[in-house]
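# An overview of the molecular structure
Next come the chains, spelled out residue by residue.
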Amino acid sequence: MTMEPLKLIPATIPEWDDVDEMEYVLSSEVVEKADEAECKKMLDAVRLEFPKVDDLPHVKLLQYAQQHETPLSEILPADIEHYDFYLVELPINILTPNQRLTRLRVTLTLELQNQQSANTVAYDLFPKDQTDVKEIMNGGVKLDLSQALKFVLNAGGAGPATALADALDIKIEIPLKWTSATTTIKTTDRLSNPVEWDITDNAIQNGFTGYVIIQAPKDAEVSIAAELVGELRKTGLLGKILKVRYRTDARNYLLRR
């Protein structure tokens, strides 16, 4: 898999302003928006990466299960005659020298080529709301992507728990690449489109990986538009905290059928 940098564009995010106004009353920190010159300097110092357009890790679940005789074909929902299911992994590399990434919103918009997209949804996703971050970092996480499709991460070694993930030829990784007791994750519900992960922390570092199982009409061409918004903070003169918000253009991926 090859990663490629994203272009960051200054942006306003009104709902975050509302949250900051409430926090300002309770906080002793002075937080100010960076001016244009400082904004450019902060954004230029950051490196966020998505997979290249033709290199998004994904697998068509039922097809792969049938070819490799995994137990998956026996436990998929009864509507497999009408729908295809894809497991998609979206890794994000994060490098923020001398500043902190405190908010990150990842959005995946699912579309069909030349068709109505109403029946294309996130069958399930991981990580989910209020994930136990300490449990994730200890490596003993059950990736319960649905009642029908289950993937288990077992950092202690291979065995029955890891067999399904290995059979799917996609390495299930720990989704958070930093340790913290303060991380909050909010997500969209199952069967939603678009799909969102909204992450807040004192400092989001190194990387994040989201997993989603996509349900789409049988034999349809599925594309994913992936984009980010986020907030950077940096300590300026006299202890003031400077903040910058940004967005990225969408990167579009076509899933192989």
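Our structure is the block above this text.
Starting from 1, residues in each chain are numbered consecutively following that chain's sequence as written. Side-chain atom pairs in this predicted model are given and counted only at pLDDT of 80 or more, local residue features only at pLDDT of at least 70, and totals for whole chains, interfaces and linings cover all residues. Working from all heavy atoms in the structure, the side-chain values ignore hydrogens and water.

## Side note on the overall build of the protein chain
Here a strand is any run of E in DSSP of at least two residues, a helix any run of H or I of at least four, and the numbering for each starts at the N terminus. Assigned secondary structure in the protein chain consists of 6 helices and 16 strands. Going through the 257 residues of the protein chain one by one, you find that 50% of them count as buried. Should any heavy atoms of two residues lie within 4.5 Å, those residues are considered in contact. In the protein chain, the share of contacts with a sequence separation of at least 24, taken over all contacts with a separation of at least 6, comes to 78%. Under the convention used here, a 1.4 Å probe and the Shrake-Rupley method define accessible areas, while residue burial counts only the protein chains that appear. Surface exposure of the protein chain reaches about 13100 Å², of which carbon and sulfur atoms provide 48%. In this scheme, a residue with accessible area under 20% of its type's maximum is buried, one over 50% is exposed, and one in between is partly exposed, where area comes from a 1.4 Å probe on protein chains only.

## Let's talk about the environment of Ile-13
Here Ile-13 is to be found in the loop between strand S2 (8-10) and helix H1 (14-26). Residues within four places of Ile-13 in sequence aside, it is in contact with Val-229, Gly-230, Arg-245 and Tyr-246.

## A look at the nonpolar core
Side chains of nonpolar character tend, in soluble globular proteins, to be buried together. For this analysis, a nonpolar core means a set of buried residues of the types Ala, Val, Leu, Ile, Met, Phe, Trp, Tyr and Cys, connected via side-chain atoms within 4.5 Å. Core analysis: the biggest nonpolar cluster contains 45 residues, and Leu-48, Leu-104, Trp-197, Val-212, Ile-214 and Ile-224 have the highest contact counts within it. Element by element, the count of residues in this core is highest for strand S7 (residues 100-112), at 6 residues. Apart from the residues lying within four places of it in its own chain, the contact partners of Leu-48 are Glu-4, Pro-5, Leu-6, Leu-8, Asn-93, Ile-94, Leu-101, Leu-228 and Tyr-246. In this structure, Val-59, Tyr-83, Leu-87 and Tyr-123 belong to the second largest nonpolar core, which totals 7 residues.

## Examining the packing of aromatic side chains
Each Phe, Tyr or Trp ring (for Trp, its six-membered ring) is paired with any other whose centre lies within 6.5 Å, and the angle between the two planes then decides the class: stacked below 30 degrees, edge-to-face above 60, tilted in between. One pass over the full model with this rule turns up 2 aromatic pairs. Summarising the aromatic geometry, the rings of Phe-85 and Tyr-123 are spaced 5.1 Å apart at their centres and angled 80° between planes, so their arrangement reads as edge-to-face. Note that Phe-85 is positioned in strand S6 (residues 83-95) and Tyr-123 in strand S8 (residues 121-126), a separation of 38 residues in sequence. Here the two residues Phe-85 and Tyr-123 agree in accessibility, since each one is buried. An angle of 65° between the planes, with centres 6.0 Å apart, marks the rings of Trp-197 and Phe-208 as edge-to-face. Separated by 11 residues along the polypeptide, Trp-197 in strand S12 (residues 195-200) and Phe-208 in strand S13 (residues 206-217) bring together distant segments of the chain.

## Structural notes on the pairing of S12
DSSP-based pairing: two strands are paired if at least 2 bridges between them are found. With 6 bridges joining them, S7 and S12 adopt antiparallel strand pairing. Within S12, the position partnered with Arg-105 by the bridge is Asp-198. Judged from the 4 bridges that link them, strand S11 (residues 184-187) and S12 form a sheet pairing that is antiparallel. Bridge pairing links Thr-184 to Thr-200 in S12.

## Here's the deal with the pairing of strand S15 (residues 241-248)
Counting buried positions along S15 yields 7 of 8 residues, so the element is predominantly enclosed. The sheet contact formed by strand S14 (residues 222-235) and S15 spans 7 bridges and is antiparallel. When the bridges of S15 are listed, Gly-230 appears paired with Tyr-246. Counting the residues that bridge the hairpin from S14 to S15 gives 5 residues, and of these Leu-238 lies at a positive phi of roughly 60°.

## Thoughts on the pattern of salt bridges
Close approach of charged atoms allows side chains with opposite charge to pair. Basic side-chain nitrogens of Lys or Arg form a salt bridge, by our definition, when they fall within 4 Å of a carboxyl oxygen of Asp or Glu. For the coordinates displayed, the defined rule picks out 17 salt bridges. Among the ionic pairs, Glu-4 bridges to Arg-251, the shortest N-O distance being 3.7 Å. Of the two residues, Glu-4 is situated in strand S1 (residues 3-5) and Arg-251 in strand S16 (residues 251-254); the sequence distance between them amounts to 247 residues. Judged by its relative accessible area of 30%, Glu-4 falls in the partly exposed class. The salt bridge involving Lys-218 is made with Asp-84; its shortest N-O contact spans 3.4 Å. Here Lys-218 is found in the loop between S13 and S14, whereas its partner Asp-84 is found in strand S6, with 134 residues between them in sequence. Here the salt bridges share partners, and the residues they tie into one network are Asp-17, Arg-103, Glu-231, Arg-233 and Arg-245.

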